[in-house]
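# Coordinates in review
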Amino acid sequence: SSCRNPYLAASKHFVEKDLEVSAAGRVFMITGANSGIGKATALAIAKRGGTVHMVCRNKDKAEEARADIVKETGNKEVYVHVLDLSETKKVWEFAEGFKKKYKTLNVLVNNAGAIMNQREVNAEGLEKSFATNVLGVFILTKSLIPLIEKSLDPRVVSHGVLWGMLVQKLRIGNLQSDRGRFDGTMVYAQHKRQQVVLTEQWAKAHPTIHFSVMHPGWVDTPTVANAMPDFHRSMKASLRSPEQGADTVLWLALSEAATKNPSGRFYQDRRVVPAHLPLAWTHSSPLEEQKLMALLEDMAKTFQPH
Ligand SMILES: NC(=O)c1ccc[n+]([C@@H]2O[C@H](COP(=O)([O-])OP(=O)(O)OC[C@H]3O[C@@H](n4cnc5c(N)ncnc54)[C@H](OP(=O)(O)O)[C@@H]3O)[C@@H](O)[C@H]2O)c1
């Protein structure tokens, strides 16, 4: 839309036929699929004939988005599941129920993400954006891995934030953000760093699944408009559309080219990019990364249904 939009320059190196693929017969789950990049992802997959499970917290918004997608694509294999990812026990119940009901899940897209203006806790006493961005993603993915693993060409694509990688080193000492001033945007950036670590660790532990985490670029969506109103106003002309923001997600979820890259990497504009600046202070030790996994594992177990 604007000559300042960086997508236009980046897309010059794209191989168009990478995404000229059918998704028929493949099953996708997309969290936060009612809005922004998640909705654009769901629509593009439905257009290619894929079955889409939309996981959303608001039933009305989700049904409305589903109706749009079905109308625009003619694909009726689009299903709504109501789940608030900040509700830790419910995430478990949902994932375990899904696994019992469905035989296939080829691709999980961890798209939903939240920035909180102030610190709030959920019913389990956990800070809500952590519960959504980290523990919710952890439990959903962990619980579904056995189903994903037995599906063909299985993949898990998660959302990272490039600027978050530059400002946040993995910190495991304040997972609940209950010490110091609560800066929701920085907390969110830390969660995205944690998602990058999760992706790297899962890739090692589950070699038959292709894991990736990607930065969509700066995209004009409600999350950005609400959490960063000044930035949104001043940058509006150079923000990407949700469709442009969904491009790399789709490439990672659908293309054959993506699976030629090793699992566990960070992407922007269909390319592997470093999740750290050269020699940066943002690197964490393998020990800290394993500690994060162990802490999440323990926390997840505490709330696991029997
Ligand atoms: N926009 C950007 O510039 C940008 C840059 C880097 C990364 N990202 C990432 O892109 C992803 C999608 O965000 P977006 O920019 O497309 O924003 P968006 O349009 O606001 O979409 C966010 C989605 O996440 C859902 N969500 C939030 N909290 C949830 C919860 N507790 N349970 C279930 N769903 C929840 C929202 O549901 P409701 O509609 O009900 O609120 C919405 O569907 C996020 O992970 C974000 O971090 C975006």
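Rules behind the numbers
- Each chain carries its own residue numbering, running from 1 in the written order of its sequence.
- Totals for whole chains, interfaces and linings use all residues, but because this is a predicted model, local features are given only for residues with pLDDT of at least 70 and pairs of side-chain atoms are given and counted only at 80 or more.
- Runs of H or I in DSSP of at least four residues are treated as helices and runs of E of at least two as strands, each being numbered from the N terminus.
- Values of the radius of gyration come from C-alpha atoms, whereas the globule rule sets the reference at 2.2 Å times the count of residues to the power 0.38.
- Partly exposed residues are those whose C-beta has more than 12 but fewer than 20 other C-beta atoms within 10 Å; with 20 or more the residue is buried, with 12 or fewer it is exposed, and the C-beta atoms are placed from the backbone.
- Our contact criterion uses C-beta atoms placed from the backbone: two residues qualify when those atoms are within 7 Å.
- Any residue qualifies as near a molecule or strand once its backbone-derived C-beta atom lies within 6 Å of it.
- Amino acids outside the nonpolar list (Ala, Val, Leu, Ile, Met, Phe, Trp, Tyr, Cys, Pro) and the charged list (Asp, Glu, Lys, Arg) are all regarded as polar, and Gly is one of them.
- The pairing criterion is simple: DSSP has to find at least two bridges between the two strands.
- For a crossover, the right-handed case is the one in which the path from the first strand over the helix to the second runs clockwise, viewed with the strands pointing away from the viewer.

Identification of the protein as Flj13639 from Neogobius melanostomus is taken from an unreviewed UniProt entry.

### Things to note about the overall build of the protein
When you go through the protein residue by residue, the secondary structure sums to 13 helices and eight strands. What you see for the protein is a C-alpha radius of gyration of 18 Å, in line with the 19 Å of a compact globule of 306 residues. Judged by the C-alpha coordinates and their principal axes, the protein covers about 50 × 50 × 40 Å. Each of the 306 residues in the protein was classed as buried or not, and the buried ones make up 45%. Contacts in the protein between residues at least 24 apart in sequence constitute 76% of all its contacts with a sequence separation of at least 6.

### Considering the site of the ligand
G32, G36, G113, T221 and T223 are the nearest of the 29 residues found near the ligand. Looking at the shell around the ligand, the elements with two or more residues in it are α2 (36-47) and α8 (222-227). When the residues that make up the shell around the ligand are grouped by side-chain class, the tally is eleven nonpolar, 15 polar and three charged.

### Observations regarding the pairing of strand β1 (residues 27-31)
With five of its five residues buried, β1 lies for the most part within the structure. Here β1 shows two buried faces, one formed by V27, M29 and T31 and the other by F28 and I30. Relative to strand β2 (residues 51-56), β1 runs parallel, the two being bridged by five bridges. Bridge pairing in β2 places F28 opposite V52. What joins β1 to β2 is α2, and the crossover it makes is right-handed. One ladder, built from three bridges, connects β1 with strand β4 (residues 107-110); its direction is parallel. Looking across to β4, one finds that F28 is bridged to V107.

### Points about unusual backbone geometry
Among all residues save glycine, negative phi is the norm, and among peptide bonds the norm is trans. For S177, which is not glycine, the phi torsion reads 45° and is therefore positive. Of note, S177 is situated in the loop between α6 (162-167) and α7 (184-205). For S177, a count of 21 C-beta atoms within 10 Å corresponds to the buried category. Its identity is not glycine, yet R270 carries a phi of approximately 65°, on the positive side. Looking at the secondary structure, you find R270 in the loop between β7 (265-268) and β8 (271-272).

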